[in-house]
Amino acid sequence: MTEALSGGPALGRRRQLSDEVAAYVRELIMSGQVGHGEFLRLERIADDLGISVTPVREALLSLRGEGFVTLEPRRGFMPAPLSRQDVQDLFEAQAYFAGELAARAAGKIAQPELEALARTQGLLEQASKAGDADGIERANHQFHRVVNLCAGSPKTAWLLQLVVRYAPGRFYSSIQGWPQASVDDHQLILTALRAGDPDAARNAMRAHIRHAGTLLVMHLEAQGFWADQTG
């Protein structure tokens, strides 16, 4: 990433950078790489991303407004406490919206989209067998994208996107059990979509998202994420 230096486009680019940094920090926290009690060093984040500290500071202030980080006077930013229930709530909200989109897609999806999903499922299975983390994440993203677009419900998709940004997409492939769970769960979703069954599609998608949340909680527990917390 590089930072623009002047004029109106520079301001827009800086805001985009701030959003990118916020996404990066959310994933650091939600993947358990940084926990409550550890400070988020502006210079370290800026160095990792190859940018100046300005968009980093702006991103952390934005995350503070979301209640995702706290600011300790004269010390800096740190992740806000995040309980097991918080994680489960985030995934429950995601499951609701994703399930509704899958149900609506089941009533509208056409053969070309079903074929595209089948191809993406094949790529996901290949990447999972090969241990290709980038390939897994690309195929997973594309699978959900096709389903969401087929739903034809942009407002619901927008609400889903607000919640999904808290899910650590770049780190899922490193969570034990997730790649295979994704393969298995997506197959059930695809079966429901092929059958044109809205209820089955909704239930399969919700089960899939809840499954991901459960695996993330187990991953965080294994890392000792809540060792010094009561939540």
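Above this text you will find the structure in question.
Residues numbered from 1 in each chain as written. Predicted model: local features only at pLDDT ≥ 70, side-chain atom pairs only at ≥ 80, totals over all residues. Heavy atoms only, no water.

A. Inspection of the overall build of the protein at higher detail. The secondary structure content of the protein amounts to nine helices and two strands. From first element to last, N terminus to C terminus, the protein shows the α and β order α-α-α-β-β-α-α-α-α-α-α. A globule of 231 residues ought to have a C-alpha radius of gyration of about 17 Å, and the protein, at 19 Å, matches this closely. Accessible surface, the protein: about 11,900 Å² in total, of which carbon and sulfur atoms supply 51%. For the protein, the distance from the average site of its 24 positive side-chain charges to the average site of its 27 negative ones is 5 Å. (Helix = DSSP H or I, 4+ residues; strand = E, 2+ residues; numbered from the N terminus. Rg over C-alpha atoms; globule rule 2.2 N^0.38 Å. Areas by Shrake-Rupley, 256 points an atom, 1.4 Å probe, with all protein chains shown as cover. Lys, Arg positive; Asp, Glu negative; His and termini not counted. Charge placed at Lys NZ, Arg CZ, Asp CG, Glu CD.)

B. Layout of a nonpolar patch on the surface. Taken together, the side chains of Trp158, Leu159 and Leu162 make up a nonpolar region of the molecular surface, amounting to roughly 280 Å² of accessible area. Within the element layout of this structure, Trp158 appears in helix α7 (residues 154-164). Here Trp158 falls in the exposed class, since its relative accessible area comes to 53%. (Patch = residues over 30% accessible without salt bridge, like charges linked within 9 Å, V, L, I, M, F, W, Y side chains within 5 Å. Salt bridge = Lys/Arg side-chain N within 4 Å of Asp/Glu carboxyl O. Buried < 20%, exposed > 50% of the residue type's maximum accessible area, 1.4 Å probe, protein only.)

C. Inspection of the environment of Ala118 at higher detail. Within the secondary structure, Ala118 sits in helix α5 (residues 111-130). In this structure the C-alpha to C-alpha distance between Ala118 and Leu190, which are 72 residues apart in sequence, comes to 7.6 Å. Not counting chain neighbours up to four residues away, the residues in contact with Ala118 comprise Leu190 and Arg194. (Contact = heavy atoms within 4.5 Å.)

D. Here's a closer look at the layout of surface pockets. Here the second largest pocket is characterised by a volume of approximately 180 Å³. In this structure, the second largest pocket is lined by Tyr24, Leu28, Gln33, Val34, Glu38, Phe39, Leu40, Arg41, Arg44, Ile45 and Asp48. (1 Å grid on protein atoms, 1.4 Å probe; cavity = no way out; pocket = protein on both sides within 12 Å on 5 of 7 lines; lining within 4 Å. Points joined across faces, edges and corners; volume = space filled by probe spheres on them.)

E. Geometry of the environment of Gln126. Within the secondary structure, Gln126 sits in helix α5. Residue classification places Gln126 among the exposed positions, given a relative accessible area of 55%. For Gln126 and Ile136, which are ten residues apart along the polypeptide, the C-alpha to C-alpha distance reads 8.5 Å.

F. View of the packing of helix α8 (residues 178-194) against helix α9 (residues 198-222). It is at 8 Å that the axes of α8 and α9 come closest, and there the two elements cross at 170°. For the element pair α8 / α9, the angle class is roughly antiparallel. From α8, Trp178, Ala181, Ser182, Asp185, His186, Leu188, Ile189, Ala192 and Leu193 reach across to α9, where they touch Ala200, Ala201, Ala204, Met205, His208, His211, Ala212 and Leu215. Within the contact of α8 with α9, the residues separate by chemical class into twelve nonpolar, four polar and one charged. (Axes fitted to C-alpha atoms, helices over the stretch in contact; angles between N-to-C directions. Parallel < 35°, antiparallel > 145°, perpendicular 65-115°, else oblique. Nonpolar A, V, L, I, M, F, W, Y, C, P; charged D, E, K, R; others polar.)

G. How the structure looks around the nonpolar core. In terms of nonpolar packing, the biggest core is built from 68 residues, with Val87 and Leu193 touching the most fellow members. Contacts of Leu193, omitting those with residues within four sequence positions, involve Ala102, Ala105, Ala106, Ile109, Leu114, Leu117, Val147 and Ala201. (Core = buried A, V, L, I, M, F, W, Y, C linked by side-chain atoms within 4.5 Å.)

H. Geometry of α5. Taking 1.5 Å per residue, 20 residues should reach 28 Å; α5 reaches 29 Å between its end C-alpha atoms and fits that length. Those residues of α5 that sit buried are Leu114, Ala116, Leu117, Thr120, Gln121, Leu124, Ala127 and Ser128. Down the axis of α5, the sector holding all buried residues measures 155°, keeping them to one side. Facing away from the buried side of α5 by more than 90 degrees, the exposed set consists of Pro112, Arg119, Gln126, Lys129 and Ala130. Taken from the residues just after α5, Gly131 is the one with a positive phi, measuring 65°. (Expected span 1.5 Å × (residues − 1). Arc of directions from axis to C-beta.)

I. Representation of the packing of aromatic side chains in the model. Under the definition given, this model contains three aromatic pairs. For the pair Phe68 and Tyr166, a centre-to-centre distance of 5.1 Å together with 45° between the ring planes defines the contact as tilted. Linking Phe68 in the loop between α3 (53-65) and β1 (69-72) with Tyr166 in the loop between α7 and α8, this pair joins segments that are 98 residues apart in sequence. With a relative accessible area of 8%, Phe68 lands in the buried category. (Phe/Tyr/Trp six-rings, centres within 6.5 Å; stacked < 30°, edge-to-face > 60°.)

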